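If you want the building blocks of each chain, they are given just below.
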Amino acid sequence: MEKKIVSKEDFLYPRGPYYGHVKPENLVFNANLQEFAQRISYICNLETGGKISPEEAYEQIKLLWKQLKHSKKELKIGQEPFQNNDSGES
């Protein structure tokens, strides 16, 4: 049986496949969201293990949340969510 060699980056920063509506901005936001989730997990584990204080964990999470919100705004994710170009309406 062959063993698949996993790179350090793939091990530390796993990415799941995207199944949503394929648009460049959706793919970029999905990558940002996966990175956000991974970093939150690390921060929670560090805080749980006593490596960082709850206050430091909170501040780091708050900063990551602001970055994710900024990304969403810049990519215009969620704006006009019901717009459908195929409806034939003007």
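Everything below is about the structure printed above this text.
Residues numbered from 1 in each chain as written. Predicted model: local features only at pLDDT ≥ 70, side-chain atom pairs only at ≥ 80, totals over all residues. Heavy atoms only, no water.

Novice: Please explain the overall build of the chain as it appears in this structure.
Specialist: Within the chain, the secondary structure is distributed over three helices and zero strands. Of the regular secondary structure in the chain, the N- to C-terminal order runs α-α-α. Evaluated residue by residue, the chain yields a buried proportion of 16% over its 90 residues. Here the contacts in the chain between residues at least 6 apart in sequence split such that 53% fall between residues at least 24 apart. (Helix = DSSP H or I, 4+ residues; strand = E, 2+ residues; numbered from the N terminus. Buried < 20%, exposed > 50% of the residue type's maximum accessible area, 1.4 Å probe, protein only. Contact = heavy atoms within 4.5 Å.)

Novice: Would you mind going over the nonpolar core with me for this structure?
Specialist: Across soluble globular proteins, nonpolar side chains show a tendency to be buried alongside one another. If you look at the biggest cluster of nonpolar residues, it comprises nine residues: Phe29, Phe36, Ile40, Ile43, Ile52, Ala57, Leu64, Leu68 and Ile77. Of all the secondary-structure elements, those providing two or more residues to this core are helix H2 (24-48) and helix H3 (54-75). If near-sequence neighbours (up to four positions away) are discounted, Leu68 is found in contact with Phe29, Asn32, Leu33 and Phe36. (Core = buried A, V, L, I, M, F, W, Y, C linked by side-chain atoms within 4.5 Å.)

Novice: What should I look at first to understand the packing of aromatic side chains in this one?
Specialist: For any pair of aromatic rings, geometry is given as the distance between the ring centres together with the angle between the planes. In this structure the tally under the stated criterion is one aromatic pair. Here the aromatic rings of Phe36 and Trp65 are separated by 5.9 Å at their centres, their planes lie at 55°, and the arrangement is tilted. You can see Phe36 sitting in helix H2 and its partner Trp65 sitting in helix H3, a full 29 residues away along the chain. (Phe/Tyr/Trp six-rings, centres within 6.5 Å; stacked < 30°, edge-to-face > 60°.)

Novice: Is there a simple way to think about H3 in this case?
Specialist: Across its 22 residues, H3 extends 31 Å between first and last C-alpha, which sits within 8% of the 32 Å expected from 1.5 Å per residue. All of the buried residues in H3 are Ala57, Leu64, Leu68 and Ser71. Around the axis of H3, the buried residues are gathered within 55° of arc, so they sit on the same side. When the buried face of H3 is taken as reference, the exposed residues oriented beyond 90 degrees from it are Glu55, Tyr58, Lys66, Lys73 and Glu74. (Expected span 1.5 Å × (residues − 1). Arc of directions from axis to C-beta.)

Novice: Help me understand a nonpolar patch on the surface, please; the structure alone is not making it clear to me.
Specialist: Among the surface-exposed residues, Val6, Phe11, Leu12 and Tyr42 lie close enough to one another that they form a single nonpolar patch of about 380 Å² accessible area. Within the element layout of this structure, Val6 appears in the segment before helix H1 (8-12). Judged by relative accessible area, which is 48%, Val6 ranks as partly exposed. (Patch = residues over 30% accessible without salt bridge, like charges linked within 9 Å, V, L, I, M, F, W, Y side chains within 5 Å. Areas by Shrake-Rupley, 256 points an atom, 1.4 Å probe, with all protein chains shown as cover. Salt bridge = Lys/Arg side-chain N within 4 Å of Asp/Glu carboxyl O.)

Novice: Whenever I open this one, the environment of Ser71 confuses me. Can you help?
Specialist: Within the secondary structure, Ser71 sits in helix H3. According to the relative accessible area criterion, Ser71 is buried, its value standing at 12%. In this structure the C-alpha to C-alpha distance between Ser71 and Phe29, which are 42 residues apart in sequence, comes to 7.0 Å. Those residues in contact with Ser71 that sit more than four places away from it in its chain are Phe29 and Asn32.

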